[in-house]
Amino acid sequence: MIGNAVAGKPLPVYGDGGNVRDWLFVGDHCAAIDLVVRRGRTGRTYNVGGRTERTNLEVVHLLCDIVDELVPRLAAAAAATW
């Protein structure tokens, strides 16, 4: 998605973008899995969540805002090194 946004390509969104996901940082997810492996009990169920539910479309809009902010800075920095 980020690569497409930077390149000005279409941003494919599944359906109408209304599907909700709980977005986690990879490191947080890994830490949770590690904790369950080390301290969890056999036969128990553990749900890992970040309380950061967003629709797919909300995430795409957020990424676009960030890319819109950063790409001009990156382009300027690259031009300064030429």
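The coordinates are above.
Basis of the calculations
Residues numbered from 1 in each chain as written. Predicted model: local features only at pLDDT ≥ 70, side-chain atom pairs only at ≥ 80, totals over all residues. Heavy atoms only, no water. Helix = DSSP H or I, 4+ residues; strand = E, 2+ residues; numbered from the N terminus. Patch = residues over 30% accessible without salt bridge, like charges linked within 9 Å, V, L, I, M, F, W, Y side chains within 5 Å. Areas by Shrake-Rupley, 256 points an atom, 1.4 Å probe, with all protein chains shown as cover. Salt bridge = Lys/Arg side-chain N within 4 Å of Asp/Glu carboxyl O. Buried < 20%, exposed > 50% of the residue type's maximum accessible area, 1.4 Å probe, protein only. Contact = heavy atoms within 4.5 Å.

Chemist: Honestly, the environment of Gly15 in this entry has me stumped. Any pointers?
Modeler: Tracing the chain through its elements places Gly15 in the loop between helix 1 (2–7) and strand 1 (20–22). The spatial distance from the C-alpha of Gly15 to the C-alpha of Asn56 is 9.6 Å, given a sequence separation of 41 residues.

Chemist: Could you clarify how one ought to interpret a nonpolar patch on the surface in this entry?
Modeler: Together, Leu62, Ile66 and Leu70 make up an exposed nonpolar region whose accessible area comes to about 250 Å². On the secondary structure map, Leu70 appears in helix 3 (residues 56–80). A relative accessible area of 38% places Leu70 in the partly exposed class.

Chemist: Looking at this structure, how should I read the environment of Asp68?
Modeler: Note on placement: Asp68 falls in helix 3. Residue classification places Asp68 among the exposed residues on the basis of a relative accessible area of 56%.

Chemist: Could you clarify how one ought to interpret the side chain of Asn56 in this entry?
Modeler: Relative to the elements of secondary structure, Asn56 occurs in helix 3. Taking the relative accessible area as the measure of exposure, Asn56 reaches 14% and is therefore buried. The contacts of Asn56, once residues within four sequence positions are left out, are Gly17, Asn19, Arg21 and Trp23.

Chemist: Can you walk me through unusual backbone geometry in this structure?
Modeler: Across the chain, the bulk of peptide bonds are trans and the bulk of non-glycine residues have phi less than zero. One non-glycine residue, Arg51, adopts positive backbone phi at about 55 degrees. Locating Arg51 in the fold gives a position in the loop between helix 2 (26–39) and strand 2 (53–55).

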